[in-house]
Amino acid sequence: PKTCLRIDPATGKTISEFRLEGKDEEWGRVRIWEDLLVTTVWSTGKSDESGKKPREGIEIKGKAPRQIRVLDRKSGKPVWSAAAEASFQFYGIGAGKIFCFDGYLSDLYTDMKRKGVIPKAAKEKRLSAYDVRTGKELWSNSSDIPLTWLSYSESNDALIASNKSNIMAYKGEDGAKLWEKRAEGVGFKGHPESLW
């Protein structure tokens, strides 16, 4: 989508319409944190990226979530943004932090073709945490596995990262790994990111 509408919940009337700055940019997943609106921004990438070699044969072609952008949820005014090294495939919010998975994954968005196969991934994958208000990177870790799901529990300060065969928990405060389990499973049938 090209626009994000702010709608009065009582009347259903549009209060305002937010537009992204870039010509080819589109809205991704939108989350609300207090007075902020957080979204991934899909784009085709910058022209200076054309000279980059594919990471282990994996190219992100066409539009992909290449940025996280935070806006004021009432005015739509940009607060800060961060560019992904590859693509911000998944993110979660909690405790004043945005947790992002950044990596080259092949065919992530072609669920019906992939059908239960963990996507091929480049070696360089990372989990990062940003301050939701300032955009300051709080920590960054290399990710051991290609991720197809990410969620955060505020009450446990635990960031859960998983795919069909692996699940890991990281401490939200500093990114330290808490535990890891590996077992092939059916996974979530009908999960929006994967058909397992």
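Right above here is the structure, for reference.
In what follows, the accompanying structure is described. Note that the coordinates shown come from a computational prediction; the quantities given were computed from them, not determined experimentally.

1. Brief notes about the pattern of salt bridges
Applying the stated criterion across every chain yields a total of 11 salt bridges. Note that E25 is salt-bridged to R69, the shortest N-O span being 2.8 Å. Taken as a pair, E25 in the loop between β2 (14-19) and β3 (26-33) and R69 in strand β5 (residues 64-72) lie far apart in primary sequence, 44 residues in all. For E25, a relative accessible area of 11% puts it in the buried group. Judged by relative accessible area, which is 5%, R69 ranks as buried. For E26, the salt bridge is made with K63, and the minimal N-O distance between the two is 2.9 Å. Taken as a pair, E26 in strand β3 and K63 in the loop between β4 (36-43) and β5 lie far apart in primary sequence, 37 residues in all.

2. Here we look at the packing of aromatic side chains
Evaluated as defined, the whole model comprises 4 aromatic pairs. On the numbers, 6.5 Å between centres and 90° between planes, the contact of F88 with Y130 is edge-to-face. Here F88, found in strand β7 (residues 88-94), pairs with Y130, found in strand β9 (residues 121-131); they are 42 residues apart in sequence, far enough to count as distant. Residues F88 and Y130 agree in their burial class; the two are buried.

3. A look at the sheet that holds strand β12 (residues 158-162)
Strand order in the open sheet formed by 4 strands is β11-β12-β13-β14, with antiparallel pairing between adjacent strands. For this open sheet the edge positions go to β11 (149-153) and β14 (177-182), each flanked by a neighbour on one side alone. Within this sheet the neighbouring strands show an average axis-to-axis angle of 15°, counted without direction. Pairing of β11 with β12, which is carried by 5 bridges, proceeds in the antiparallel orientation. By the bridge assignment for β12, W149 is matched with S162.

4. What to know about the pairing of strand β10 (residues 137-142)
Pairing analysis gives 5 bridges linking β9 to β10, with the strands arranged antiparallel. Note on β10: the bridge partner recorded for S128 is S140.

5. Let's talk about the sheet that holds β3
With antiparallel pairing, the 4 strands of this open sheet are ordered in space as β3-β4-β5-β6. A single partner strand is all that each edge strand has here, and the edge strands are β3 and β6 (78-83). When the angles between neighbouring strand axes are averaged without regard to direction, this sheet yields 20°. Relative to β6, β5 runs antiparallel, the two sharing 5 bridges. Within β6, the position partnered with Q67 by the bridge is A83.

Definitions and limits used
Residues numbered from 1 in each chain as written. Predicted model: local features only at pLDDT ≥ 70, side-chain atom pairs only at ≥ 80, totals over all residues. Heavy atoms only, no water. Salt bridge = Lys/Arg side-chain N within 4 Å of Asp/Glu carboxyl O. Helix = DSSP H or I, 4+ residues; strand = E, 2+ residues; numbered from the N terminus. Buried < 20%, exposed > 50% of the residue type's maximum accessible area, 1.4 Å probe, protein only. Phe/Tyr/Trp six-rings, centres within 6.5 Å; stacked < 30°, edge-to-face > 60°. Pairing = 2+ DSSP bridges. Axes fitted to C-alpha atoms, helices over the stretch in contact; angles between N-to-C directions.

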